[in-house]
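Residue-level structure breakdown
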Amino acid sequence: QVLAQPFACDPLLPHARRAREAVKSDCLFGGCYYPNHERERRIGELLPPLLSLGLEIRARPHRAAPELWPERLRSAVRPGLDHARFLDEARRHAVHVNLSSVLDSPTMCAMRTFELAGMGAFQISNDALGVRAQMPMVPIARDADEMHRLAARALEDPLWRIWQGWRARMHALRHHTW
């Protein structure tokens, strides 16, 4: 018999403490770019407006070369990180961007969505049914203007950002832990 284990966060690993180093930039996107994939169209639409807010892009080590990314995003691409180092890096950023590639499944969204929520991190996602169903506290951006507006608000209003992160953390700890 094979059972599927749903995505969740381990509350002991992605804890809410901030890294000791100062915040390095304001926005972080953790993900890869694969040309000719549907999600890449969304990356090309939703991420460029965040460059003005200090966007950094962290991909897996084998997909972190700037030349693999669209020209207008290359300046934001930083060296790739493995999973454990990504979580440490994530603690240094105020705003996290999630771009789900599966839009119409109520159960599919990135494991990172749960991990960031478990850390109490503020994140914004594109409009994906899985994020809405699994993590209803995560603000949804339907277009680039809304993505920029939500990120800017989170940066300008730290109490709102912290409150949203805390709500997502409480939801993750109540409903999405192993």
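Residues numbered from 1 in each chain as written. Predicted model: local features only at pLDDT ≥ 70, side-chain atom pairs only at ≥ 80, totals over all residues. Heavy atoms only, no water.

1. Considerations on the overall build of the chain
Helices and strands together make up the secondary structure of the chain, namely six helices and six strands. When the helices and strands of the chain are read in sequence order from the N terminus, they spell out β-α-β-β-α-β-α-β-α-β-α-α. Counting all 178 residues of the chain, 51% fall into the buried class. In the chain, the proportion of contacts linking residues at least 24 apart, taken out of those at least 6 apart, comes to 70%. Element-wise, carbon and sulfur atoms account for 54% of the exposed surface of the chain, whose accessible area totals about 9200 Å². (Helix = DSSP H or I, 4+ residues; strand = E, 2+ residues; numbered from the N terminus. Buried < 20%, exposed > 50% of the residue type's maximum accessible area, 1.4 Å probe, protein only. Contact = heavy atoms within 4.5 Å. Areas by Shrake-Rupley, 256 points an atom, 1.4 Å probe, with all protein chains shown as cover.)

2. Concerning the packing of aromatic side chains
For any pair of aromatic rings, geometry is given as the distance between the ring centres together with the angle between the planes. All told, the structure shown has four aromatic pairs when counted by the stated rule. Considering the side-chain rings of Tyr 33 and Trp 69, the 5.5 Å spacing of their centres and the 35° angle between planes classify their relative orientation as tilted. One end of the pair, Tyr 33, is in the loop between strand 1 (25–30) and helix 1 (38–46); the other, Trp 69, is in the loop between strand 2 (55–58) and strand 3 (77–78), with 36 residues separating them in the sequence. Here the two residues Tyr 33 and Trp 69 agree in accessibility, since each one is buried. Of the aromatic side chains, those joined through ring pairs into one cluster are Phe 29, Tyr 33 and Trp 69. Cation over ring: Arg 112 sits above Phe 86, and NZ or CZ is 4.5 Å from the ring centre. Across from the ring centre of Trp 160, 4.1 Å away, lies the NZ or CZ of Arg 153, which sits over that ring. (Phe/Tyr/Trp six-rings, centres within 6.5 Å; stacked < 30°, edge-to-face > 60°. Lys NZ or Arg CZ within 6 Å of the ring centre and 35° of its normal.)

3. Let's talk about the pattern of salt bridges
Taken as a whole and judged by the stated rule, the model has 11 salt bridges. Across the pair Glu 56 and Arg 78 runs a salt bridge whose closest N-O atoms are separated by 3.9 Å. Remark: Arg 78 occurs in strand 3 and Glu 56 occurs in strand 2; sequence separation between them is 22 residues. Taking the relative accessible area as the measure of exposure, Arg 78 reaches 28% and is therefore partly exposed. Residue Arg 142 pairs with Glu 146 through a salt bridge whose shortest N-O separation is 3.8 Å. Residue Arg 142 is classed as exposed on the basis of its relative accessible area of 55%. One salt-bridge network, in which partners are shared between bridges, spans Glu 56, Arg 58, Arg 78, Glu 89 and Arg 92. (Salt bridge = Lys/Arg side-chain N within 4 Å of Asp/Glu carboxyl O.)

4. Looking at the pairing of strand 4 (residues 93–98)
Within strand 4, six of the six residues are buried, leaving the element largely enclosed by the surrounding structure. Tracing the backbone out of strand 4, into helix 3 (residues 111–119) and back to the parallel element strand 5 (residues 122–126) gives a crossover that is right-handed. (Right-handed = clockwise from strand over helix to strand, strands pointing away.)

5. Remarks on the side chain of Ser 100
Position of Ser 100 relative to the elements: it lies in the loop between strand 4 and helix 3. With relative accessibility at 5%, the residue Ser 100 sits in the buried group. Apart from residues no more than four positions distant in its own chain, Ser 100 is found in contact with Arg 39, Arg 42, Cys 109, Ser 125, Asn 126, Ala 128 and Val 131.

6. Regarding helix 6 (residues 158–175)
Taking 1.5 Å of rise per residue, 18 residues should cover 26 Å, and helix 6 covers 25 Å from first to last C-alpha, within 8% of that figure. Where helix 6 is buried, its residues meet strand 4, helix 3, strand 5, helix 4 (129–134) and helix 5 (144–156). (Expected span 1.5 Å × (residues − 1).)

7. A closer look at the environment of His 93
As for its position among the elements, His 93 is in strand 4. Classification of His 93 by relative accessible area gives buried; the value is 0%. In this structure the C-alpha to C-alpha distance between His 93 and Phe 29, which are 64 residues apart in sequence, comes to 9.9 Å. Engagement of the side chain of His 93 in a polar contact is seen with the side chain of Glu 89, the distance being 3.0 Å. (Polar contact = N/O pair within 3.5 Å; in protein donor to acceptor, adjacent residues only side chain to side chain.)

8. Things to note about the environment of Ile 124
Structurally, the position occupied by Ile 124 is in strand 5. The spacing of Ile 124 and Val 138 is 14 residues in sequence and 6.1 Å in space, taken between C-alpha atoms. When residues no more than four places from it in sequence are discounted, the contact partners of Ile 124 are Val 95, His 96, Val 97, Asn 98, Val 138, Pro 139, Ala 141, Met 147, Leu 150 and Ala 151.

Take it as geometry only, folks, not as evidence of what the structure does.
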